Amino acid sequence: TTRKAAADADREASLLAAADAYAGGSGAGHDVTGPVGSCTGGDVASFPNGHIPLALLCPVWGAAGKYLRADAEYAFDRMSHAYAKVFGTPICVTDAYRSYEDQVRVAIERPGFAAKPGTSNHGWGTATDLCGGIQSFGTPTHQWMLANAPLFGWFHPSWAEPTGSLPEPWHWEFGG
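Residues numbered from 1 in each chain as written. Predicted model: local features only at pLDDT ≥ 70, side-chain atom pairs only at ≥ 80, totals over all residues. Heavy atoms only, no water.

1. Considerations on the packing of aromatic side chains
How two aromatic rings sit relative to each other is set out by the distance from centre to centre and by the angle between their planes. The line we're drawing: The criterion for an aromatic pair is that two Phe, Tyr or Trp rings (for Trp, the six-membered ring) have centres within 6.5 Å, with stacked assigned to planes under 30 degrees apart, edge-to-face to planes over 60 apart and tilted to the rest. Only DSSP runs of H or I with at least four residues qualify as helices, and only runs of E with at least two residues qualify as strands; both kinds are numbered from the N terminus onward. When accessible area is computed with a 1.4 Å probe and restricted to protein chains, residues below 20% of their type maximum are described as buried, those above 50% as exposed, and intermediate ones as partly exposed.
For the structure shown, the criterion picks out four aromatic pairs. Ring geometry for phenylalanine 76 and tryptophan 154: centres 5.4 Å apart, planes at 70°, overall edge-to-face. Taken together, the positions of phenylalanine 76 in helix 2 (residues 70-87) and tryptophan 154 in strand 5 (residues 154-155) put the pair 78 residues apart, joining distant regions of the chain. Accessibility assignment for this pair places phenylalanine 76 and tryptophan 154 in one class, buried. Their ring planes at 50° and their centres at 5.5 Å tell us that tryptophan 154 and phenylalanine 174 sit as a pair that is tilted. Placement of tryptophan 154 in strand 5 and of phenylalanine 174 in strand 6 (residues 171-174) is noted, with a sequence separation of 20 residues between them. Here tryptophan 154 matches phenylalanine 174 in class, with each residue buried.

This is the structure in structure tokens:
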């Protein structure tokens, strides 16, 4: 079932990429547009969602094995350092860049919670799932994020708010 779902979603992603190329698109809107730090990453615009090589992404400070697009990581790094000054530790990250295969796995494991594979902002390296208290509405760490994340280009999407269509206190996105 997992392999069939992955194959079906992969075919759909290929068709969408072909349609985008035919229409003159290039994946624009998902390339690095903001400042980057010491990790400059690479040109990610030509890769489909979830198919960005890790070598073109940047490791997240304080979150081993987690990666983000260069500008998103630079902003997240600055935000996490500010957070650490208040709470004593970097922001706890359970998920960041999510490969297409991981998107398929998450969609199967958590039906109704995950974006359709190939459409997740995690697949662009511009979304995180957070922990350390941030994953619960109303905690001091979640309140800090609500107040401070926009200063660094990060936000909690309206659909993920307590009154949103899919409340997810842990999910945060980079908007630049």
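2. Points about the nonpolar core
Inclusion rule: As used here, the term nonpolar core means buried Ala, Val, Leu, Ile, Met, Phe, Trp, Tyr and Cys residues forming a set that is joined through side-chain atoms within 4.5 Å. Only heavy atoms matter for contacts: two residues are in contact if any of them lie within 4.5 Å across the pair.
Counting 20 residues, the largest nonpolar core has Phe76, Met79, Ile91, Val93, Leu130, Met145 and Trp154 as its most contacted members. For this core, the secondary-structure elements that each account for two or more residues are helix 2, helix 4 (140-148) and strand 6. Among the elements that take part in this core, helix 2 stands out by supplying five residues, more than any other. Setting aside residues up to four positions removed in sequence, isoleucine 91 forms contacts with Phe76, Met79, Ser80, Tyr83, Leu130, Ile134 and Met145. Formed by five residues, the second largest nonpolar core is a distinct cluster that contains Val44, Ile52, Leu57 and Tyr97.

3. Looking at the pattern of salt bridges
When charged atoms on two side chains of opposite charge get close, those side chains can pair. The test is simple: Only one rule defines a salt bridge in this text: a Lys or Arg side-chain nitrogen within 4 Å of an Asp or Glu carboxyl oxygen.
Under the defined criterion, the tally for this structure stands at five salt bridges. Between aspartate 129 and arginine 98 there is a salt bridge, with its nearest N and O atoms 3.2 Å apart. Linking aspartate 129 in strand 4 (residues 127-130) with arginine 98 in the loop between strand 3 (93-95) and helix 3 (100-109), this pair joins segments that are 31 residues apart in sequence. What makes arginine 98 buried here is its relative accessible area of 8%. In this structure, aspartate 102 engages arginine 105 in a salt bridge whose closest nitrogen and oxygen atoms are separated by 3.6 Å.

4. Some remarks on the state of the cysteines
Let me state the cut-off plainly: Any cysteine sulfur atom paired with another within 2.5 Å is treated as part of a disulfide.
The final tally for this structure, using the stated rule, is two disulfides. Residue cysteine 92 pairs covalently with cysteine 131 via a disulfide, S to S 1.8 Å. Residues cysteine 92 and cysteine 131 share a disulfide whose torsion about the S-S bond is about -80°; that sign makes it left-handed. Pair noted here: cysteine 92 is in the loop between helix 2 and strand 3 and cysteine 131 is in the loop between strand 4 and helix 4, with a separation of 39 residues, a long-range link. Residue class for cysteine 92 comes out partly exposed when judged on its relative accessible area of 29%. Of the residues examined, cysteine 131 reaches a relative accessible area of 12% and is grouped as buried. Across the chain, the way the bonded cysteines pair up, counted in sequence order, is 1-2, 3-4.

5. What to know about helix 4
Structurally, the α-helix is built with 3.6 residues per turn, so residues lying three or four positions apart point the same way. The line we're drawing: What the arc covers is the set of directions going from the helix axis to the C-beta atoms.
When helix 4 is considered as a whole, its buried residues turn out to be Thr141, His142, Trp144, Met145 and Asn148. Projection of helix 4 onto a plane perpendicular to its axis shows the buried side chains occupying an angular sector of 155°, all on one side. Structural note: helix 4 exposes Pro140 and Ala147 on the side pointing more than 90 degrees away from its buried face. Buried residues along helix 4 sit against helix 2, strand 4 and strand 6.

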